[in-house]
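Chain and residue survey
So you can see what is in the structure, the chains are spelled out below.
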Amino acid sequence: MFELILFVVFAVVALAAAIGVVAQRNVLYSALLLVLNFICLAALYVLMNAQFVAVAQIIVYAGAVMVLFLFTVMLLPGKRIEVAGRRLPGQTPLAILLALALGAVLLLLLGGSLVALGRPAHPAITVGNVQALAEVLFTRYIWAFEATGVLLLVAVAGVVHLLRSGPRPGAPR
Amino acid sequence: MLPTLSVLNLNGAVPQIAVAGAGMLIMLIDALFHRGSRRWAAYLALLGLAVALARVVESGASAETILDGALARDGLGMAFALVLIVAAALSVLVAMDYLRREEHERAEYYALILFATAGGLAMAMANDLVAVFIGLETLSISLYVLSAFFTGDAASREAALKYLLLGAFASAFFLYGIALLYGASGTTRLVEMGTAIRLAGTQADPLLWGGVALIIVGVGFKLALVPFHSWAPDVYQGAPTSVTAFMSVASKVAAFAALVRLLVVVLAPAAPLTSALLALLAVLTMTVGNILALAQDEVKRLLAYSSIAQAGYILVAAVAGEVGAAAVLFYLLGYAFTNLGAFAVVLAWSRRGEGRLPFSDLAGLGFRRPWTAAALSLFLLSLTGMPLTVGFVGKLYLFGAAVQAGWTWLAIVAVLNSVVSAFYYLRLVVIMYMREAEMPLALQRAGLALGVALAVCAAGVILLGLVPGVALDWARQAVAVVLS
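Because the structure is predicted, anything quoted here is derived from the model rather than measured. Each chain has its residues counted from 1, running along the sequence as written. Labels follow written order: the first chain is A, the first ligand is 1, and so on. Whole-chain, interface and lining totals are the exception, using all residues; otherwise, since this is a predicted model, local features are given only for residues with pLDDT of at least 70 and side-chain atom pairs are given and counted only at 80 or more. Where side-chain values are given, they derive from all heavy atoms of the structure, hydrogens and water being excluded.

Re the overall build of chain B
Formally: By the criteria applied, helices consist of DSSP H or I runs no shorter than four residues and strands consist of E runs no shorter than two, each listed in order from the N terminus. Radius of gyration: C-alpha atoms only; globule rule: 2.2 Å multiplied by the number of residues to the exponent 0.38. The buried label applies to any residue whose accessible area, calculated with a 1.4 Å probe on protein chains only, is under 20% of its type's maximum; exposed applies above 50%, and partly exposed to all values in between. Residues count as neighbours in contact if any of their non-hydrogen atoms are within 4.5 Å of one another. Per-residue accessibility takes into account occlusion by the displayed protein chains alone, with areas from the Shrake-Rupley method and a 1.4 Å probe. In this count, Lys and Arg are taken as positive residues and Asp and Glu as negative ones, while His and the chain termini are left out. Charged side chains are reduced to one point each, which is NZ for Lys, CZ for Arg, CG for Asp and CD for Glu.
Scanning chain B from N- to C-terminus turns up 21 helices and two strands. Taking 2.2 N^0.38 as the reference for a compact globule, 484 residues should give roughly 23 Å; the C-alpha atoms of chain B span a radius of gyration of 21 Å, in line with that estimate. The dimensions of chain B, computed from C-alpha atoms along their principal axes, are 70 × 60 × 40 Å. The buried share of chain B, taken over its 484 residues, is 63%. If you take every contact in chain B between residues at least 6 apart in sequence, the share linking residues at least 24 apart comes to 82%. By element, 69% of the accessible surface of chain B is carried by carbon and sulfur atoms, the whole surface being about 16900 Å². If the 27 positive side-chain charges of chain B are averaged to one point and the 25 negative ones to another, these points end up 6 Å apart.

Focus: a nonpolar patch on the surface
Residues and elements named next belong to chain A. Selection rule: Patch definition: residues with relative accessible area over 30% and no salt bridge; like charges joined within 9 Å; nonpolar side chains (Val, Leu, Ile, Met, Phe, Trp, Tyr) joined within 5 Å. The salt bridge criterion pairs a side-chain nitrogen of Lys or Arg with a carboxyl oxygen of Asp or Glu, the two atoms within 4 Å.
Taken together, the side chains of Met1, Leu4, Ile5, Phe7, Val8, Val9, Val12, Val13 and Leu36 make up a nonpolar region of the molecular surface, amounting to roughly 820 Å² of accessible area. By residue number, the principal contributor to the nonpolar patch is helix H1 (residues 2–23), which donates seven residues. When you line up the elements, Leu36 lands in helix H2 (residues 27–47).

Digging into the interface of chain A and chain B
For clarity, the threshold we go by: Two parts placed together each lose some accessible area; with a 1.4 Å probe, that loss summed over both constitutes the buried area. Distance and chemistry together define a polar contact, namely a pair of N or O atoms within 3.5 Å, with one atom able to donate a hydrogen and the other to accept it when in protein, and with adjacent residues in sequence counting only for side-chain atoms on both sides.
Counting residues at the interface gives 24 residues for chain A and 36 residues for chain B. Carbon and sulfur atoms supply 69% of the area buried between chain A and chain B, which totals about 2500 Å² over both sides. Between the two partners, chain A and chain B, sit one salt bridge. The partner of Glu192 of chain B in a salt bridge is Arg140 of chain A, and the shortest N-O contact between them spans 3.3 Å. Across the chain A-chain B interface, the total number found is five residue pairs in polar contact (both at pLDDT 80 or more).

Re the nonpolar core
As a reminder, the rule being used: Think of a nonpolar core as a cluster: buried Ala, Val, Leu, Ile, Met, Phe, Trp, Tyr and Cys residues, connected wherever their side-chain atoms sit within 4.5 Å.
If you look at the biggest cluster of nonpolar residues, it comprises 202 residues, and the most contacted ones within it are Tyr110 and Trp349 of chain B. Examining the composition of this core, we find that 21 residues originate from one element, helix H14 (residues 325–349) of chain B, more than from any other. Core analysis: the next-biggest nonpolar cluster, separate from the first, contains six residues, Ala31, Val35, Phe38 and Ala62 of chain A among them.

Observations concerning the pattern of salt bridges
All names here are of chain B. Here the structure, examined in full by the defined rule, presents twelve salt bridges over all chains. Of the charged contacts, one joins Asp128 and Arg189 as a salt bridge, the two residues approaching to 2.1 Å between their closest N and O atoms. With Asp128 in the loop between helix H5 (107–125) and helix H6 (129–147) and Arg189 in the loop between helix H7 (154–185) and helix H8 (190–200), the pair connects residues that are 61 residues apart, well separated along the chain. The residues Asp128 and Arg189 share a single accessibility class, namely buried.

Some thoughts on the confidence of the model for chain A
Note the cut-off: pLDDT measures the predictor's confidence residue by residue and takes values from 0 up to 100.
Put simply, chain A has an average pLDDT of 82, and 82% of its residues get 70 or more. Ranking the helices and strands of chain A by mean pLDDT puts H1 of chain A first, with 92, and helix H5 (residues 123–126) of chain A last, with 60.

Some points on the packing of helix H4 (residues 75–101) of chain B against helix H11 (residues 241–266) of chain B
Residues and elements named next belong to chain B. So the rule is basically this: Lines are fitted to the C-alpha atoms to define the axes, a helix being fitted only along its stretch in contact, and any angle between axes, read from their N-to-C directions, falls within 0 to 180 degrees. When an angle is under 35 degrees it counts as roughly parallel; over 145 it counts as roughly antiparallel; between 65 and 115 it counts as roughly perpendicular; any other value is oblique. All residues other than Ala, Val, Leu, Ile, Met, Phe, Trp, Tyr, Cys, Pro, Asp, Glu, Lys and Arg, Gly among them, are scored as polar; the first ten of these are nonpolar and the last four charged.
Across the interface, H4 lies against H11 with an axial gap of 9 Å and an inter-helix angle of 175°. With respect to each other, H4 and H11 are oriented roughly antiparallel. Taken together, the residues of H11 that come into contact with H4 (itself represented by Leu76, Gly77, Phe80, Val83, Leu84, Ala87, Ala88, Ser91, Val94, Ala95 and Tyr98) are Thr241, Ser242, Phe246, Val249, Ala250, Val253, Ala257, Val260 and Arg261. Residue composition of the contact of H4 with H11, grouped by class: 15 nonpolar, four polar and one charged.

Remarks on H1 of chain A
Residue and element names in this part refer to chain A. For clarity, the threshold we go by: Each residue after the first adds 1.5 Å to the expected span of a helix. Here the arc refers to the set of directions running from the helix axis out to each C-beta atom.
Over its 22 residues, H1 extends 32 Å from the first C-alpha to the last, a length consistent with the 32 Å expected when each residue adds 1.5 Å. Taken together, the buried positions of H1 are Ala14, Ala17 and Gly20. Angular distribution of buried residues about the axis of H1 spans 125°; they occupy a single face of the element. The exposed residues of H1 that point more than 90 degrees off its buried face are Val12, Leu15, Ile19, Val22 and Ala23. Elements that come into contact with the buried residues of H1 comprise H2.

Let's talk about the packing of aromatic side chains
Residue and element names in this part refer to chain B. Put simply, the rule reads: Think of it this way: a Phe, Tyr or Trp ring, Trp meaning its six-membered ring, pairs with another when their centres are within 6.5 Å, and the plane angle makes it stacked under 30 degrees, edge-to-face over 60, tilted otherwise.
One pass over the full model with this rule turns up 15 aromatic pairs over all chains. With 4.7 Å between their ring centres and 15° between their planes, Tyr163 and Trp231 make a pair best called stacked. Of this pair, Tyr163 sits in helix H7 while Trp231 sits in the loop between helix H9 (206–223) and helix H10 (232–238); the two residues are 68 residues apart in sequence, bridging distant segments of the chain. For the pair Tyr163 and Trp231, one class covers both residues: buried. Between the aromatic rings of Phe221 and Trp231, the centroid separation amounts to 5.1 Å while the plane-to-plane angle is 35°, which identifies the pairing as tilted. Of this pair, Phe221 sits in helix H9 while Trp231 sits in the loop between H9 and H10, and the two are ten residues apart along the sequence.

Observations concerning the environment of Leu152 of chain A
All names here are of chain A. Relative to the assigned elements, Leu152 resides in helix H7 (residues 142–164). Residue Leu152 is classed as exposed on the basis of its relative accessible area, which comes to 53%. For the pair formed by Leu152 and Ile5, sequence separation is 147 residues and the distance between their alpha carbons is 43 Å.

Quick notes on unusual backbone geometry
Excluding glycine, a negative phi dihedral is what most residues carry, and trans is how most peptide bonds are arranged. Residue and element names in this part refer to chain B. Even without glycine at this site, Glu103 takes up a positive phi of about 55°. Residue position: Glu103 is located in the loop between H4 and H5. Glu103 gets classed as exposed once you look at its relative accessible area, which sits at 62%. Although it is not a glycine, Leu388 adopts a positive phi angle of roughly 75°. Inspection of the secondary structure puts Leu388 in the loop between helix H17 (370–384) and helix H18 (390–404). A relative accessible area of 60% means that Leu388 is categorised as exposed.

Structural notes on the side chain of Asp128 of chain B
Using a relative accessible area of 1% as the deciding quantity, one classes Asp128 of chain B as buried. Not counting residues within four places of it along the chain, the set of residues in contact with Asp128 of chain B comprises Tyr141 of chain A together with Ala70, Thr188, Arg189 and Leu190 of chain B.

Comments concerning the environment of Ala478 of chain B
All names here are of chain B. Residue placement: Ala478 occurs in helix H21 (residues 469–480). Residues Ala478 and Met78 lie 400 residues apart in sequence; the distance between their C-alpha atoms is 7.8 Å. Sequence-distant contacts of Ala478, defined by excluding residues within four places in its chain, comprise Gly75, Leu76, Ala79 and Leu329.

Concerning the side chain of Arg261 of chain B
You can see Arg261 of chain B is positioned in helix H11. Each residue touching Arg261 of chain B, except ones within four places of it in the same chain, is listed here: Ala72, Asp74, Leu76, Gly77, Ala124, Met125, Ala126, Leu190, Val266 and Val482 of chain B.

The structure is reproduced here in structure tokens:
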């Protein structure tokens, strides 16, 4: 029951935020509403016992991607950035068409997963997928995990070398 | 359940641990007590490579997995690892005096060479596409930085940027290919993937074909095969010559190792189509590489186009699949000595602070520097494929494997291409011995380490050319033991 209430709350907020992203004229508000939408989706993932996806959603989308977005918006000149009233020719019918196509694909995928409703849940869902992921990461993919450490070290060492001994500004060559 | 140490079988990963560990040690020592000459870093790098080499030689052929199945310790992996380690050791020797002469002697250089080698080793031994990818990235990122190692040099920086941008693009292709193959087979482990593909049959599975095509694009970029070769001449010319020498050999050995394993273990049931695709790439690569090489007037750029063409020759045997694997391995061993040697001579002769060596600078050097000139002539003859050098035996086996697999027309194209290539290789020899210098080049003394490297390369080219039997048997036995 408690889960259902939480689900409804987050789902409604997510939907409202998504509509707001499209309806808002101020680009900055649009971007912030998109962040709200991402966070609500992350909460929904947690309700589905997919904690890792939730954290990744917050770090990658709400964190990295949106910060990039907001920086770009703020670097634009002008105090209030509004979407111009003009539209591209044929934009509205095209948008409706694409939205319907996306909806159809999502419904197809949903239909596909309804088939699996009766079957026992994947172990990743029952134990929580952080644990399942950790288990795979530290057994089957232990080498990949360790070797990625070396890979990151190489990248850091390379950047340090290139910056430390880089050309002085104004140097001829 | 957590794996025990015996499942991990860390013992088999000693070559990589030794190489990467030596690289980390160099960086640590350099950061803590960096004073004076960096010669010790080169010696430490050679030591790490020697440990890895000893381990590879001693372990022999035994098809078993290490690190819970991520890597394969089989004959194929170990043999390519051996070629890679020898090439890395030679390029450390080649770089020692060069870096000091160019006033860029830094410990990171050797650390990055070692990391690149560790990445290449991972590609050679990988039994998992994720491992191949991480190895590929480790190798590539080290090479991007090494290309820009002479940071004061605009050409070096430009080369690195070009390499980085196009390389990142190719990595994305490769990664997408992995994702599609995972979708087609449900696993990233190569052996399991091979079984899944064999069971599914080769009916047109768009996921499988899409994945194969994208992975070939990714590997083809690393090998500078022709539609994906545009970065190679600029990067080879702009990068420090010692880096070019290493890059031209190491990335070929590593990428061909991964390609051969993919063809033998995973894609054997799909052979007709992959072979046709690779044959097309081979023809393009040989022909375009050779024709463009004809128009060059600078040795480093000429060698860049020549190594594009050489990748095409090797691909001729890769087309033959399992039959050609031993020929690919043997040719790469010979190519490591030949190409590293040729670049070592370029490096010894080029002017200080300048990476270029125009043809006109070569004039008259045949008599002013008889030993080095003789060595360069030997390497050029071997690249052409003259008898008594390793190039001849190697090409014989490459093209023979193609004929054996029924690709006679491809072998004929390859032979015709070799004839064309003789023109530009031999032209260099003619200039060295038969033309008077207009402005004699001020030559530096070649250091001891460079001399040792040249001697080893020349000895390798002659010995493998005169008595190829031992090495050929070794190559054949090695590729026969494949984890599958």
